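Notes for the structure review
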Amino acid sequence: MAEGDGVADQDICIRLDGTATEGDISALRNWLEREKPLDDLLGHGRVRMRVRPATDVGPAADGSGAPMGTSTEIVIAVTSAGATVVFQELLEQVKRGVLAWQANRRRVENGEPPQGRVEPVNRDDR
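About the cut-offs
Residues numbered from 1 in each chain as written. Predicted model: local features only at pLDDT ≥ 70, side-chain atom pairs only at ≥ 80, totals over all residues. Heavy atoms only, no water. Salt bridge = Lys/Arg side-chain N within 4 Å of Asp/Glu carboxyl O. Helix = DSSP H or I, 4+ residues; strand = E, 2+ residues; numbered from the N terminus. Buried < 20%, exposed > 50% of the residue type's maximum accessible area, 1.4 Å probe, protein only.

1. Let's talk about the pattern of salt bridges
Under the definition given, this model contains 11 salt bridges. The salt bridge partner of E73 is R15, with a shortest N-O separation of 2.7 Å. Taken as a pair, E73 in strand 3 (residues 72–78) and R15 in strand 1 (residues 10–16) lie far apart in primary sequence, 58 residues in all. The same class applies to E73 as to R15, namely buried. We note a salt bridge from K95 to E92, for which the minimum N-O separation is 3.8 Å. Of this pair, K95 and E92 are both found in helix 3 (residues 87–108), 3 residues apart, which corresponds to roughly one turn of the helix. By relative accessible area, K95 is classed as partly exposed at 30%.

The structure is reproduced here in structure tokens:
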């Protein structure tokens, strides 16, 4: 494994845009928990997933000071038991999972699904 390919002190953060509801957050989390191989990593305690208040939700574009976007985000963290997880591969798996959830939501619900951002977050920057 090349330097930088393994586990860094990073989490994966998933944020949906302002059209997302709490139901979307919950549905996406449930979807990701069933995605292979993420399901295997979760089951073996190599990663953990949690929902938390968003850390960078900014003020509304209208200047009202009300937060824009969802007030929660999904965080996937590699645990010490997952020290051999290749972070970049995990990041790509999560991105594919979010895209699959969006495609499924288009089939089962009216309207476009919320857009999502999937990005690595340094634990020291939180």
